[in-house]
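Tertiary structure, described
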Amino acid sequence: MKKLIPGLFILLILFSFKGKAQNTENSKIGLFDSDQVLNITLSGSIRELVRDRSDDAKYHPLTLSYKNPDSSLISIPVKVRTRGHFRRTQGGCFYPPLMLNFSKEEVPKTSLFHKLNKVKLVTPCRDDKYVINEYLVYKLSNLISPKSFRARLVKVVYIDTVKDKRSEPSYGILLEEEEQMAEKNNMILLDRMKVQPQHTQFSDFLKMAVFKYMIGNTDWSVQYLQNVKLIAADTVSIPSPVPYDFDHAGIVGAPYAKPAEALQLGSIRERRYRGYCITDMSKYDGVFADFRKLENEIYGVYKDCLLVEESYIKFTMKYLDEFYNTINDPVAAKKAFMYPCDKDGTGNVVIMGLDKK
């Protein structure tokens, strides 16, 4: 028996190292490294928070909690304020969009929120399903370009510790902070207004504009940073546009979403290309080819999703079919993508936007 002890001792050491390695590896898993729905709880004076919807809304102290895979509870102090404009003031949202502000000193290194400063929480208006629909558009944007915002679908329970009330779980989207999105692309964020689309990276702009056409989203502009962020290698380099905030897209179908009157569209599901005038259609060849290569993955985002109704999947398949039929037909593509060249049309209307901070 004594001869077996050294061998057993060595095995114990090896298992100990393996366990430590696994713990170290688990600690490296970030918030956006999983597609699994994350259950979180926000607790504190919720009523005071949701009532503070002014343009200068202040931060309120809350606690964010969630469980690790081993069922251990993680609780993190966080400052939260309301944000946005439409969904905060006009969208009829009981829980307005929120900004979560973390203190690095108070976030455990093993937490999913480690190294995160600020994270946006997109909340539902009218129905959870439209939050899921918008989340899937973020997944599409990740397929189209690495210059995109990562998102994590969550189920949120709000606990008002003052009123002793607990909400029913509702879906939400935790959205990557702007600086982190820029940093992962080795770029910086530019807060620069009045940049003309023609003065952005050509291939990146075309890819974004065609993507916006595919999802039926007209609520954007580069000039006024309306649902678009600009990133660049440095302050003197040509910037690239990065889209976000897709709840007004036709593919999402939110009931409160309406196209801008100046665009003269019947509904948000009516597509309108909002790039600038390019008379040489061959300029689109590379972009169209990229979308064709991604066709199966794009359809798969919806076909593989168990959180949406079958009727919505069928609608989305048809909506995407219309897009691919357009880019695969030279005549239809010319009509759609040369629309900004029509001086009598609304292709050059600029959406001025509202404060989204």
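1. Some words on the overall build of the chain
For the chain, the helix and strand inventory stands at 10 helices and 11 strands. Every one of the 357 residues in the chain was classed for burial, and the buried ones make up 51%. Looking at the chain alone, contacts between residues at least 24 apart form 67% of all its contacts between residues at least 6 apart. Put simply, the chain shows about 18,500 Å² of open surface, and 53% of that area lies on carbon and sulfur atoms.

2. Some remarks on the pattern of salt bridges
Throughout the structure, instances matching the rule amount to nine salt bridges. When the shortest N-O distance is used, the salt bridge between Lys139 and Asp35 registers 2.8 Å. With Lys139 in helix α4 (residues 128-144) and Asp35 in the loop between α1 (4-27) and β1 (38-44), this residue pair connects regions lying 104 residues apart in the sequence. Close ionic contact of Glu176 with Arg150 constitutes a salt bridge, the shortest N to O distance being 3.1 Å. Taken together, the residues span a long stretch of sequence, with Glu176 in the loop between β8 (170-175) and α5 (178-184) and Arg150 in the loop between α4 and β6 (151-160) at a distance of 26 residues. Within the structure, one salt-bridge network assembled from shared partners comprises Asp33, Arg150, Glu176 and Lys184.

3. Re the packing of helix α7 (residues 285-293) against helix α9 (residues 310-327)
At their nearest, the axes of α7 and α9 sit 11 Å apart, and the two run at 140° to each other. Here α9 runs oblique to α7, going by the angle between their axes. The hand of the α7/α9 crossing is left-handed. Contacts between α7 and α9 pair Phe288, Phe291 and Arg292 from the former with Phe323, Tyr324 and Ile327 from the latter. A breakdown of the residues in the contact of α7 with α9 according to their chemical character gives five nonpolar, no polar and one charged.

4. Section: the pairing of strand β11 (residues 240-243)
Alternating residues of β11 divide into Ser240 and Val242 and Pro241 and Pro243, and every residue in both groups is buried. Summarising the sheet, strand β10 (residues 228-232) and β11 pair through four bridges and their orientation is antiparallel. The residue of β11 that forms the bridge with Leu230 is Pro241.

5. A look at unusual backbone geometry
For residues that are not glycine, phi is negative in most cases, and the peptide bond is trans in most cases. Of note in this structure, Ser71 is not a glycine but carries a positive phi near 75°. Along the chain, Ser71 falls in the loop between β2 (60-67) and β3 (73-82). According to the relative accessible area criterion, Ser71 is exposed, its value standing at 52%.

6. Comments concerning the nonpolar core
Within the largest apolar cluster, 75 residues are counted, with the highest numbers of intra-cluster contacts made by Ile251, Phe291, Tyr302 and Phe337. Each residue touching Ile251, except ones within four places of it in the same chain, is listed here: Val137, Ile215, Tyr302, Tyr312, Phe315, Thr316, Tyr319 and Leu320. The next biggest cluster of nonpolar side chains, apart from the first, holds 29 residues, and it includes Ile46, Leu100, Phe102 and Val156.

7. With respect to helix α6 (residues 202-215)
At 3.6 residues per turn, the α-helix brings residues three or four places apart onto the same side. Counted at 1.5 Å a residue, the expected span for α6 with its 14 residues is 20 Å, and the 20 Å between its end C-alpha atoms agrees. With 11 of 14 residues buried, α6 is to be regarded as a mostly interior element. Taken residue by residue, α6 has Asp204, Phe205, Leu206, Met208, Ala209, Val210, Phe211, Lys212, Tyr213, Met214 and Ile215 as its buried positions. In the stretch just after α6, Gly216 is the one whose phi turns positive, near 70°.

8. Some points on the packing of helix α8 (residues 295-303) against α9
At a minimum axis separation of 9 Å, α8 and α9 run at an interaxial angle of 160°. Put simply, α8 runs roughly antiparallel to α9. The handedness of the crossing between α8 and α9 is right-handed. Between α8 and α9, the contacting residues are Glu295, Ile298, Tyr299, Tyr302 and Lys303 on the first element and Tyr312, Ile313, Thr316, Met317, Leu320, Asp321 and Tyr324 on the second. Of the residues contributing to the contact of α8 with α9, the split by class is eight nonpolar, one polar and three charged.

What counts, and at which threshold
Residues numbered from 1 in each chain as written. Predicted model: local features only at pLDDT ≥ 70, side-chain atom pairs only at ≥ 80, totals over all residues. Heavy atoms only, no water. Helix = DSSP H or I, 4+ residues; strand = E, 2+ residues; numbered from the N terminus. Buried < 20%, exposed > 50% of the residue type's maximum accessible area, 1.4 Å probe, protein only. Contact = heavy atoms within 4.5 Å. Areas by Shrake-Rupley, 256 points an atom, 1.4 Å probe, with all protein chains shown as cover. Salt bridge = Lys/Arg side-chain N within 4 Å of Asp/Glu carboxyl O. Axes fitted to C-alpha atoms, helices over the stretch in contact; angles between N-to-C directions. Parallel < 35°, antiparallel > 145°, perpendicular 65-115°, else oblique. Left-handed = near helix turned anticlockwise from the far one by under 90°. Nonpolar A, V, L, I, M, F, W, Y, C, P; charged D, E, K, R; others polar. Pairing = 2+ DSSP bridges. Core = buried A, V, L, I, M, F, W, Y, C linked by side-chain atoms within 4.5 Å. Expected span 1.5 Å × (residues − 1).

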